[in-house]
Amino acid sequence: MTQSTLQVLTSNAKLLKASASKYAIYGVLIAVAAIVVATGMASYVEHGSISLDGIISAQQNNVALWLLDLTPFGFALWGQYVSNVMAFQAGALVVDQTNELRAQAAAIERRATYEVTHDRLTDLPNRLLLQDRLEQALHLAQRDQLSLAIMIMDLDRFKDINDALGREQGDRLLKQVAARVQSAVQETETVARSGGDEFLVLLPTIANENAAIQSAVAIGNALKAAFDLGGSKLDVQASVGIAIYPDHGHSADELLQRAEVAMYGAKQEKSGYAVYDDKQEINSPRRVTLAGELRQALEQDELLLQYHPKLDVRTNQVTELEVLSRWRHPRHGVIPPDEFIPLAERTGLIKLVTLWVLKKALHQVGEWARAGIDVGVAVNISAQDLHDEDLYDRITGLLAANRLPADKLVLEITETSIMIDKERASSMLRRLAETGIRISIDDFGTGYSSLAHLSILPVKEVKIDKSFVIDMMSNPKHAKIVRAIVDLGHNLDMTVVGEGVVTEAVYRELARLQCDSLQGDHVSTPLEAEALAEWLLQVPKLKKVQGI
Ligand code: C2E
Ligand code: CA
Ligand code: CA
C-alpha cells in the first residue's frame, strides 16, 4: 500500500471524528439555549417577570428544569461516544483496505514475475527460467560430483505444418506437444519452451549417458501417436540433442550450445536423438556456430565499442555517453548487437560480454578524464548480469582501477530484466546504487511494469523507448505516451531521456515537454572513441533549442 493511500484513509477517519464532535457541540449549544429559555419562562409564570430571584427560585424548585439541566452533559457524552465509535469503524476500514490493497499488489507482482518466466502459449517455464534452473543444477552437480543432461528438442517440419494449416492449428499442436513431453519426464525434470517449436529438458541428475538417451527415447515415444487437430490427424517427429555435464561442457552456455549442435546432428541423421560429438559442429547453422565463436571473439578482442551521446537539453552539453557494442567478425563482417547479444544471453556468455564492455569503456572514460574530457558512461546490462554475484566486486574494482568516481557510471537495465528475479535483481541494484552508481530504466514503455512500481528501486533515470519517440509527431497516441512518461518520471524525481531523436521536430518537441536528455541520430550517431572525442569539441557550437 502506498503512503498516500494510507494518508487518505487516516485523514478520512479524522474527518469523521471531527464531524461527529461538531454535531455533539451543536447539541450542547441547543440544550443550553433550551435551559435558558425554559428557566426564563418558569420565572415569568411563577413571578410574573423574568428576574434574577425568579430564575434562581425556578432552578431550585422546578424538577423539570433539573432534568433539562442534565441534557448538555448527555449530548457531550453522546458526542464523545459516537465519535469514538466512528473513529473505530474508520480504523477497521483502513485495516480492511490495507489488507486488500496489499493482496492486490502481491497478486500483480506474482503475475508479472510469472509472465516473464513462463511461456504464454503452453504455460511451461521459458528459456530464462530453465537457464536459471540449469545453473542451480550445475552448482549442485559440481559440488556433489554428479552428472546432468540438458536436451534440446525441435519438431521436424514444423514450419511446413504452420504454413499449411495456419498459425492457430500450429499453436494447438505446440500445446499438445508440450503436454506430451511433460508427461514423458519425471517430476524433478524441467520442460521449458524456448520459443517457436524448440523445447528444452533439464535432467538435473543422471546416472550415465544411457539414462539421458532413455529419456530422449521416452519423449520420442510420447510423440508417436498421431496428433488430433480438430478432425485432421497429424504425425509429428522431433529431433533431440543431448549434452552432458561434465563430458561436453562445464557451464550452462557451453552445454546449451552443444545440445543445439547435437540437435542439428540428429536432424541431419534423421535419428530422432543424438548425443553431442564435435564432428557435428560443421553442419550447424550460423547462429549456432556464432555462439560457439563468441567466447574466442572476446579473448581476441573482436568486439568494438561505439559511444552514443546523451545531450542535456538545458545546458546543451554532453556529460554522458552510452556505450554500444558491435562484433567485427573475421568472416561475416560487422555483426550488430541485435544479433549477437540475444545469442550471448541465450548461451549465458553475456556475463563475459558485459565484463568486457565495462572494462574497455571504463578504461576509455578514465583516459578521457586524464585528457581533460569529463564524461560519464552508460553501459547496457542484461538480466543475467544482475544475478551474477561477482558483478558488484568487478564494477567497483574497475572504477577504482581507473580512478573514477562511482557517479561516472550509469547502468541501463530494461524493466523486464528486473522482473525476472525481482528479489535478486533489486538487492544487487540497491548495493550498486549505494556506491553512487546511477541506475537507468531502458526501453521504458515496452515491458509489464509501471514506473510507480519501479520507483521503489533506486532508479535515477528513465529512457523512453525509441518506438514511441521516433514517430511522435505523426502518432498522437505515442505523443501522449511520451508526455505521460516525462511527467511521471519527473514526479518520481527521475531524469527522463528520449532516445531515437531522428528529426529537428522531435528534438524541439521533447525539449518543449522538458525531457531532460536527448539521444539519437539528430544529435549524433554512435561513434568510435576517437571520432567521438573530436565530435565533443563541436558540441558548444550545436544550435540550442530556442526558448528552453
Ligand atoms: P538500446 O540500449 O535501446 O540502444 C539504443 C539502440 O538504438 C542502439 O542500437 C542505437 O544505435 C539505436 N538508436 C538510438 N537512437 C537512434 C536513432 O535516432 N536512429 C536509429 N536508427 N537508431 C538509434 P544498437 O547499437 O544496434 O543496439 C541495439 C541494442 O543492443 C541496444 O538497444 C541494447 O539493448 C543492445 N546492446 C548494444 N550493446 C550492448 C552491450 O554492450 N550489452 C548489452 N547487454 N546490450 C547491448
Ligand atoms: Ca540502452
Ligand atoms: Ca533503449
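Residues numbered from 1 in each chain as written. Chains lettered and ligands numbered in written order. Predicted model: local features only at pLDDT ≥ 70, side-chain atom pairs only at ≥ 80, totals over all residues. Heavy atoms only, no water.

## Topic: the coordination of the calcium ion (ligand 2)
- Binding of the calcium ion (ligand 2) to the protein goes through Glu322 (OE), Asn380 (OD1), Glu412 (OE) and Asp442 (OD), at separations of 2.2 to 2.3 Å.
- Expressed as a motif, the donor residue spacing for the calcium ion (ligand 2) is E-x57-N-x31-E-x29-D. (Donors = N, O, S within 2.8 Å, 3.2 Å for Na, K, Ca; no water.)

## A few points about the coordination of the calcium ion (ligand 3)
- Listed as protein donors to the calcium ion (ligand 3) are Asp442 (OD), Asp443 (OD), Glu499 (OE) and Glu499 (OE); their distances from the metal cover 2.1 to 2.6 Å.
- In terms of primary sequence, the donors binding the calcium ion (ligand 3) are separated according to D-D-x55-E.
- Metal-to-metal, the separation of the calcium ion (ligand 3) and the calcium ion (ligand 2) is 4.0 Å; aspartate 442 coordinates the two. Here aspartate 443, found in strand E13 (residues 438-444), pairs with glutamate 499, found in strand E15 (residues 495-499); they are 56 residues apart in sequence, far enough to count as distant.
- Its relative accessible area of 22% is what places aspartate 443 among the partly exposed residues. (Helix = DSSP H or I, 4+ residues; strand = E, 2+ residues; numbered from the N terminus. Buried < 20%, exposed > 50% of the residue type's maximum accessible area, 1.4 Å probe, protein only.)

## Re the sheet that holds strand E3 (residues 198-206)
- An order of E2-E3-E1-E6-E7 is seen for the five strands of this open sheet, with the pairing classed as mixed. Edge positions in the open sheet fall to strand E2 (190-195) and strand E7 (273-275), since each of these has one partner strand only. Here the average twist between neighbouring strands, direction ignored, is 20 degrees.
- Pairing of strand E1 (residues 147-155) with E3, which is carried by seven bridges, proceeds in the antiparallel orientation. Residue pairing in the sheet places serine 147 in a bridge with isoleucine 206 of E3.
- Packed onto the sheet, helix H8 (residues 252-269) meets E1, E3, strand E6 (238-245) and E7 and runs at close to 145 degrees relative to E6. (Pairing = 2+ DSSP bridges. Axes fitted to C-alpha atoms, helices over the stretch in contact; angles between N-to-C directions. Contact = heavy atoms within 4.5 Å.)

## Some words on the pattern of salt bridges
- Overall, the coordinates contain 29 salt bridges when judged by the stated rule.
- In this structure, glutamate 135 and lysine 351 form a salt bridge, with 3.5 Å as the shortest nitrogen-oxygen distance. Residue glutamate 135 is found in helix H4 (residues 127-144), and its partner lysine 351 is found in helix H11 (residues 350-370); the two are separated by 216 residues along the sequence.
- On the basis of relative accessibility, which here comes to 21%, the residue lysine 351 falls in the partly exposed class.
- As a salt-bridge pair, arginine 295 and aspartate 253 come within 2.9 Å of each other at their nearest N and O atoms. In this pair, arginine 295 is assigned in helix H9 (residues 286-299) and aspartate 253 in helix H8, connecting sequence segments 42 residues apart.
- The structure contains a network of salt bridges with shared partners spanning Lys310, Glu320, Glu322, Glu412, Arg438, Glu461, Lys463 and Glu499. (Salt bridge = Lys/Arg side-chain N within 4 Å of Asp/Glu carboxyl O.)

## Brief notes about the side chain of arginine 326
- You can see arginine 326 is positioned in strand E9 (residues 317-329).
- No salt bridge is formed by the buried arginine 326; the nearest opposite charge belongs to glutamate 528, separated by 7.4 Å.
- A polar contact is formed between the side chain of arginine 326 and the side chain of glutamine 306, at a distance of 2.8 Å.
- Sequence-distant contacts of arginine 326, defined by excluding residues within four places in its chain, comprise Glu302, Leu303, Leu304, Gln306, Val334, Ile335, Pro337, Phe340 and Pro526. (Lys, Arg positive; Asp, Glu negative; His and termini not counted. Polar contact = N/O pair within 3.5 Å; in protein donor to acceptor, adjacent residues only side chain to side chain.)

## Some points on helix H15 (residues 422-434)
- With 13 residues, H15 ought to run about 18 Å at 1.5 Å a step, and its terminal C-alpha atoms sit 18 Å apart, in line with that.
- Three or more residues of H15 are buried, namely Lys422, Ala425, Ser426, Met428, Leu429 and Leu432. Each buried residue of H15 lies within a common arc of 165 degrees when the element is viewed along its axis, so the set occupies one face. Turned more than 90 degrees off the buried face of H15, the exposed positions are Glu423 and Glu434.
- Positioned one or two residues after H15, glycine 436 has a phi angle of 110 degrees, which is positive. (Expected span 1.5 Å × (residues − 1). Arc of directions from axis to C-beta.)

## Overview of unusual backbone geometry
- In the segment running from tyrosine 245 into proline 246, the intervening peptide bond is cis, with an omega of 5 degrees.
- Notably, glutamine 145 is not glycine yet its phi reads approximately 55 degrees, a positive angle.
- Within the secondary structure, glutamine 145 is located in the loop between H4 and E1.

## Section: the site of ligand 1
- Ser325, Arg326, Asn380, Asp442 and Asp521 are the nearest of the 22 residues found near ligand 1.
- A distance of 3.1 Å separates an oxygen atom of ligand 1 from a polar atom in the side chain of asparagine 380.
- Aspartate 442 has a polar side-chain atom sitting 3.0 Å from an oxygen atom of ligand 1.
- When isolated, ligand 1 has an accessible area of 790 Å², and the protein chains bury 82% of it.
- Among the cavities detected, the one that contains ligand 1 is the largest pocket.
- Mapped onto the shell around ligand 1, the elements with two or more residues apiece are E9, helix H10 (337-347), H11 and E13.
- At four residues, E9 tops the list of elements feeding residues into the shell around ligand 1.
- When its residues are assigned to classes, the shell around ligand 1 shows eight nonpolar, six polar and eight charged. (Near = heavy atom within 4 Å. Areas by Shrake-Rupley, 256 points an atom, 1.4 Å probe, with all protein chains shown as cover. 1 Å grid on protein atoms, 1.4 Å probe; cavity = no way out; pocket = protein on both sides within 12 Å on 5 of 7 lines; lining within 4 Å. Sits in = over half its atoms within 2 Å of the grid points. Nonpolar A, V, L, I, M, F, W, Y, C, P; charged D, E, K, R; others polar.)

## Let's talk about the layout of surface pockets
- Estimated volume of the largest pocket: approximately 1,300 Å³.
- Looking at the largest pocket, it is lined by 46 residues, and the ones nearest its centre are Asp338, Ile341, Asn380, Thr414 and Asp443.
- In terms of residue count, the dominant contributor to the lining of the largest pocket is H10 (six residues).
- In this structure, the lining of the largest pocket is formed jointly by two domains, domain 2 (127-276) and domain 3 (286-536), each of which donates at least three residues. (Points joined across faces, edges and corners; volume = space filled by probe spheres on them. Domains from an automatic or database assignment.)

## Here we look at the domain arrangement of the protein chain
- Here the domain parsing of the protein chain yields domain 1 (3-117), domain 2 (127-276) and domain 3 (286-536).
- The straight-line distance from the C-alpha centre of domain 1 to that of domain 2 is 71 Å.

## What about the environment of arginine 172?
- Of note, arginine 172 is situated in helix H6 (residues 167-184).
- Overall, arginine 172 belongs to the partly exposed group, its relative accessible area being 38%.
- On a C-alpha basis, the gap between arginine 172 and threonine 122 in space is 9.4 Å, while along the polypeptide they are 50 residues apart.
- Filtering out sequence-adjacent residues up to four positions away, arginine 172 remains in contact with Leu229 and Gly230.

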